[in-house]
Amino acid sequence: MSNYGIGESYHRLAFSIYKGSTADMRLGSWTVTGIWTCQGPRQGDPLPLLLYNHITKPTLCYLHKYLTDIKLPGYTLRAIAFANDITDARSSEDNLIALRNAIELHSHASNAKLNDDKTETCVLVT
């Protein structure tokens, strides 16, 4: 987050929420309480998604600013995002270098890595 200019105090606040947190676990009819969680948020916690949105927004702004959109009748096709998936449509091969730069910047800033196995490139020819 600091790579995007988000201050250290925000960083400390976000991580302090989980410091010393515990969880309960149910095993059949038994319940074990007070299990210390050593790493990360609990499943279903909305905060990681909100923090990820803080990181994704600058990446989408970069894509909108430095890459050429595809113009369609009555619509401009550009980068769209849902959760941690980003779909990007561009009008020329030259944009692939700029797209790769955007992905590298995003990876560096968020520590999120592009999954090459799930990444697809589709060239549309008009």
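Look up a bit, the structure's there.
Rules behind the numbers
Residues numbered from 1 in each chain as written. Predicted model: local features only at pLDDT ≥ 70, side-chain atom pairs only at ≥ 80, totals over all residues. Heavy atoms only, no water. Helix = DSSP H or I, 4+ residues; strand = E, 2+ residues; numbered from the N terminus. Polar contact = N/O pair within 3.5 Å; in protein donor to acceptor, adjacent residues only side chain to side chain. Contact = heavy atoms within 4.5 Å. Axes fitted to C-alpha atoms, helices over the stretch in contact; angles between N-to-C directions. Parallel < 35°, antiparallel > 145°, perpendicular 65-115°, else oblique. Left-handed = near helix turned anticlockwise from the far one by under 90°. Nonpolar A, V, L, I, M, F, W, Y, C, P; charged D, E, K, R; others polar.

1. Notes on the side chain of T59
For step 1, the next point in the chain: Checked against the element boundaries, T59 lands in helix 2 (residues 47–66).
For step 2, the next point in the chain: For T59, the side chain forms a polar contact with the side chain of H106, separated by 2.7 Å.

2. A closer look at the side chain of S107
For step 1, the next point in the chain: Tracing the sequence through the fold places S107 in helix 3 (residues 95–110).
For step 2, the next point in the chain: Setting aside chain neighbours within four positions, we find S107 in contact with A112, K113 and L114.

3. Here's the deal with the packing of helix 2 against helix 3
For step 1, the next point in the chain: Viewed as axis vectors pointing N to C, helix 2 and helix 3 meet at an angle of 160 degrees, and their least axial separation amounts to 10 Å. As judged from the angle between their axes, helix 2 and helix 3 are roughly antiparallel. When you trace helix 2 past helix 3, the crossing you get is right-handed. For the pair formed by helix 2 and helix 3, the contact residues are Y52, I55, T56, T59, Y62, L63 and Y66 on the first element and N95, A98, L99, N101, A102, L105, H106 and S110 on the second.
For step 2, the next point in the chain: Across the contact of helix 2 with helix 3, the residue classes break down as nine nonpolar, six polar and no charged.

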